[in-house]
Amino acid sequence: MREMKAQIATWPAPVALAWGLLLGGLALVTPAWAADEPPAEPAPAGEPQPAEATAPDATPTAPISHRDEGVPTAAPLVFEQHLQFRFRPELLLGGDLGGGASGVPEPLANTPRNGGGDANLLAYASIRLRYDAVLRPGPPWGIHLGLTALDNLVLGSSPASAEQRQNRDIFGLYPDAGSGRGADLRTAEERQAYASSRRGSLQRFRDALRVRYLYGSWRILEFLDFAGGRMPDSFGLGIMRNAGDCTDCDYGTYVDGMRLGASLKGFRLEGSWEFTAVGATTDLPGLPGQPTNLGRADDVQTFTLRLVSAPYDAAAREARRRRLDIDRRVAIDWGLFSSFTSQSLSSSEIDPGALDPDCPILAETASGQVAVSHDCWRLIPRDAFFWRPSVWVKSLWHPDDATELRLELEVGAMIGSVGNLQRSPELGDTGKDFRGFGGAMELEWATPRYRLGLDLGFATGDNQRYLGVIDGQNIVVADDLAYPNSANTNVSENNIVSSYWFHRDYRLDLILFRQVIGGVTNAVYVKPWVSWTLLDSGDTRLTTRLDVLYAAAARPSGTPGRGRHYGVEIDGSLGIEMPAGFGLDLSAGLLLPMSALDDRDTGASPSTAFALRGLLTWRY
């Protein structure tokens, strides 16, 4: 333990403080036999030995045995850790686009229930800490852990007064707390409650600490490795699978499964078996022990295969450096990816309105998965199959020591079918075919002082009511009885779903795709940008950037206003990188929306929107 304490002394102050408190607590509860200190030396020969302190009538005890006898205690342990802190204040003016169509909600003061109004400002701040660690008990093995504290928590959203109200007003501040109603005196408490799903705060559906991933890895041979657990995944530019590891990312792709990979002569081949959804289990709140999967008939399984050509080891990276910087030749990386997802039966489609009174819903998870008793589960045909291929190419060229030219491209597709999407077989054929395509290209020319870029992309879309990200969907009706209604023709008449959706962590702007639409879909876009360094003193760097985005609809009939043009957005940023991993960035954006964002029902034209975003980060 002395060696561990010496190692902690070299860590940054916040990390050292946290581990110091942990080790201090362990020292208080560690019994004498487990102490790290060496045993007392015996007295020199010829001197009386100290008498052993024995309680009167003490009964000798048997040696303490351990279940882990034989487990090595002095393994060559290597511990790697990374921290990422983010504080992000945001301001959005006119995000609901006035009378236009937007995924941004209007301020509550404008809603009919509150008498209407002309408020158009949303302002808030969030905070997050990500902790990533790798524990290596030996060269071939690794245990990987990713934690997130207060993930995207809106500051001030879990007041202690709300917790007291939920817990029947323990301080008597509310006139009618027993019925859950009364005056909302949140100013009576000037503190925040724990943001935990097991407490009565406003964040009861969002845990304060989340495990993003946890998996083990094993290098079987020099070129062969295995990993299993909950793992982050990414491919290419990240339009389909994106690990979400950037400081401004909010989502990420995490998969449960097992992966086998081989790296040889500059190539990487991987195959995986992913447990996308296991369906019904015995898991219930408060149930002790290990829950059980109730059969594989309702499981959603995904098999993936990828082949990538890129420098994965030190020798390949050195060869890449020589090719670029000495031979002045173009270097090309590429990758092929395919995932195959299937499900025969479904047990997750529980219709609360059609439940038998003897089969109530016992619990519901944060993801919407419900639980009923064993005899109440009903399997319905699903017959689903999806193929998601993707191709990625990256080209690098260093014409001189100070210039780099990068061209990167990813093209993907979603092709498949679902035989039955609704619950009731009486509705007849409710299946759909899926044929969506999308792609993105990034071109960048970089020098030590300036960077110029051009981003291009497209994603196919439906010709129905919704774009399908945050405004709604054209795939299934929640209530089977409403399926034939004329109000749901966007689902019942949509036999071929032709939308393709980019991963939401593929960032392009501040307003249009990020907030108004929610992601890139049913769109064709072009975005030139320029960045230049204003100051570079070695340990401090000041940069600025300007982006101009134009976006049009790939299928105008599938936009809210049935128009061709989404609009033009102009974004600017000023950022500073400081020593010790600190960074500060201030961004502003102006969206000029066009006819594709007209209101679908009233035809009202959208209004201009403005966004201001700060980003304070620290990485270690």
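Residue positions within a chain follow its written sequence, with the count starting from 1. In keeping with the model being predicted, local features are shown solely for residues with a pLDDT of at least 70 and side-chain atom pairs are shown and tallied solely at 80 or more, while totals for entire chains, interfaces and linings include all residues. Here the side-chain values reflect all heavy atoms present in the structure, with hydrogen atoms and water set aside.

Participant: Any details on the nonpolar core? Residues and values, ideally.
Facilitator: One broad rule of soluble globular proteins: the nonpolar side chains tend to lie buried together. Throughout this description, the term nonpolar core refers to a set of buried Ala, Val, Leu, Ile, Met, Phe, Trp, Tyr and Cys residues connected via side-chain atoms within 4.5 Å. Buried residues are those whose accessible area, probed at 1.4 Å on protein chains only, stays under 20% of the maximum for their type, while exposed residues exceed 50% and partly exposed ones sit between those limits. If you look at the biggest cluster of nonpolar residues, it comprises 43 residues, and the most contacted ones within it are F502, Y506, L512, F513, V520, Y525 and Y566. Secondary-structure elements contributing two or more residues to this core are strand 12 (380-400), strand 13 (403-418), strand 14 (432-446), helix 6 (512-517), strand 17 (523-536), strand 18 (541-552) and strand 21 (609-619). Each helix is a run of H or I in the DSSP string that is no shorter than four residues. Each strand is a run of E no shorter than two, and both are numbered from the N terminus.

Participant: Mind laying out unusual backbone geometry, listing which residues take part and the relevant values?
Facilitator: One non-glycine residue, N152, lies in positive phi territory at about 55°. Secondary-structure assignment places N152 in strand 3 (residues 141-154). In this structure, R328 takes a positive phi of about 55° despite not being glycine.

Participant: Quick one: what's the story with the side chain of D298, residue by residue and with numbers?
Facilitator: In this structure, D298 sits in the loop between strand 7 (267-277) and strand 8 (300-309). His is not counted, nor are the chain ends, whereas Lys and Arg count as positive and Asp and Glu as negative. Salt-bridge detection follows one rule: a side-chain nitrogen of Lys or Arg within 4 Å of a carboxyl oxygen of Asp or Glu. For D298, which is buried and forms no salt bridge, the nearest opposite charge comes from R296, at a distance of 8.6 Å. We define a polar contact as two N or O atoms separated by no more than 3.5 Å, with the added condition that, inside protein, one atom must be a possible hydrogen donor and the other a possible acceptor, whereas residues neighbouring each other in sequence contribute only through side-chain atom pairs. A polar contact is formed between the side chain of D298 and the backbone nitrogen of A280, at a distance of 2.9 Å. By the convention used here, residues are in contact when the closest approach between their heavy atoms is within 4.5 Å. Beyond its immediate chain neighbours, meaning those up to four positions away, D298 contacts A277, V278, G279, A280, Q343, L345, S346, S347 and L379.

Participant: How would you sum up the packing of aromatic side chains? Please name residues and give values.
Facilitator: Only centres within 6.5 Å qualify two rings of Phe, Tyr or Trp (six-membered ring in Trp) as a pair; their planes then separate them into stacked at under 30 degrees, edge-to-face at over 60, and tilted for everything else. What the rule picks out here adds up to 12 aromatic pairs. Here F235 and W392 contribute two aromatic rings whose centre-to-centre distance is 6.4 Å and whose plane-to-plane angle is 70°, an arrangement assigned as edge-to-face. Residue F235 is found in the loop between strand 5 (224-232) and strand 6 (254-264), and its partner W392 is found in strand 12; the two are separated by 157 residues along the sequence. Just as F235 is buried, W392 falls in that class too. With a centroid separation of 5.1 Å and an interplanar angle of 85°, the aromatic rings of W273 and F275 are classed as edge-to-face. According to the relative accessible area criterion, F275 is partly exposed, its value standing at 33%.

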